[in-house]
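What follows is the residue order along each chain.
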Amino acid sequence: MSPSTSPSLTNGPTVLTKRKLYELTFIISYKPIVFSPYLADLLVAAERKNQTALATLVHKELPGFRCDCKQTPFWEATNSAFMAVGCGDGDPVEYNPETHRQNFAGMYEMAPTAAPFWDWHHLRCTEWRVRPKWRYTGLLAAKGTAHPMLLISPLYDTVCPLAHAQDVHTRYAGSALLVQDSYGHCSTSAPSLCTAKYLQAYLQNGTLPEEGPVCKPDELPFIGMVNETRASTMSVEDNELLDAIRGLGEGIATFGA
């Protein structure tokens, strides 16, 4: 893909590159139901070289070339907790060219399209000088908890693979793992009445699901609600619960999106 320029009288021109397209695709995959239509429109506009559409779409996510000395720093513009947790919880990061090359090579081998994006955040931690007074460095595991834990994981999570959820499940005795057959980051990225009912039972009564359940989502990217014909037969409570879980997924911010 060759770089595509997008003019704008408001923000100045923007260049849409292959690397930036990968980055946008990665971010949008956090919440595919909400943001996939935007990505589809962007790809069509770029393919057809529709400058009017590109100027409208690109500036939703990409900054223009503006001379703005008062521009808000990244760690304040999105979420200050992201940098504090992402950089402060780990060991101090010092920039070393060779170490950085090795680190990037490892990430690129696992995820070539997402590696540049995560490496960008890793480099930012080299400039994060705030260190916590205390941080936990022990093993994240327990032979027993005050109450058994309920873990919920999508089958295809953008950031937290199911294998990691399964690993956590084995570390905490008595826990239960509920898998949702969906895409996106966290189960809220795809509303599922099945998942919501398991979660409701856990929060209200402490009830854990049986071993090995897999819940289906009630909404899919580009398709919409997949069980609309069932809506007329659903109880008022189920309809309200599904609407609540949909609102939760739409309301949770993702990298400022």
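Residues numbered from 1 in each chain as written. Predicted model: local features only at pLDDT ≥ 70, side-chain atom pairs only at ≥ 80, totals over all residues. Heavy atoms only, no water.

1. Here's the deal with the environment of Val-44
The criterion, for reference: Put simply, DSSP H or I for four residues or longer makes a helix, DSSP E for two residues or longer makes a strand, and each gets a number counted from the N terminus. Under the scheme applied here, a residue whose accessible area is under 20% of the maximum for its type counts as buried, over 50% as exposed, and between as partly exposed, the area being computed with a 1.4 Å probe on protein chains only.
Turning to its location among the elements, Val-44 is positioned in helix 2 (residues 32-48). Of the residues examined, Val-44 reaches a relative accessible area of 35% and is grouped as partly exposed. Linking Val-44 and Leu-54, residues 10 residues apart in sequence, is a C-alpha distance of 9.3 Å.

2. Section: helix 11 (residues 236-251)
As a reminder of what qualifies: A helix's residues, less one, multiplied by 1.5 Å, set its expected span. Working definition: the arc comes from the directions between the helix axis and the C-beta atoms, pointing outward to the latter. Contacts are residue-level and defined by heavy atoms, with any inter-residue pair within 4.5 Å sufficient.
Taking 1.5 Å per residue, 16 residues should reach 22 Å; helix 11 reaches 22 Å between its end C-alpha atoms and fits that length. Of the residues making up helix 11, those classed as buried are Asp-238, Leu-241, Leu-242, Ile-245 and Gly-249. Projection of helix 11 onto a plane perpendicular to its axis shows the buried side chains occupying an angular sector of 95°, all on one side. Exposed residues on helix 11 whose side chains face more than 90 degrees from its buried face are Val-236, Glu-237, Glu-240, Glu-250 and Gly-251. Among the structural elements, helix 9 (193-205) and strand 7 (224-225) are those in contact with the buried residues of helix 11.

3. Thoughts on the nonpolar core
Stated formally: Here the nonpolar core consists of buried residues drawn from Ala, Val, Leu, Ile, Met, Phe, Trp, Tyr and Cys, with membership extended through side-chain atoms lying within 4.5 Å.
Core analysis: the biggest nonpolar cluster contains 11 residues, these being Leu-16, Leu-21, Leu-24, Ile-28, Phe-35, Tyr-38, Leu-39, Leu-42, Ala-45, Leu-54 and Leu-57. Broken down by secondary-structure element, the contributors of at least two residues to this core are helix 1 (18-28), helix 2 and helix 3 (51-58). With five residues, the single largest contributor to this core is helix 2. Ranked by size, the runner-up nonpolar core spans six residues in total, among them Leu-193, Leu-241, Leu-242 and Ile-245.

4. Looking at the sheet that holds strand 3 (residues 150-156)
Just so we agree on the cut-off: For two strands to be treated as a pair, DSSP must find no fewer than two bridges joining them.
With respect to topology, three strands assemble into an open sheet ordered 3-4-5, the strand pairing being parallel. Edge positions in the sheet fall to strand 3 and strand 5 (214-215), since each has one partner strand and no second. Bridge count for strand 4 (residues 176-183) against strand 5 is two bridges, and the pairing is parallel. Its bridge partner being in strand 5, Val-179 is matched across the sheet by Val-214.

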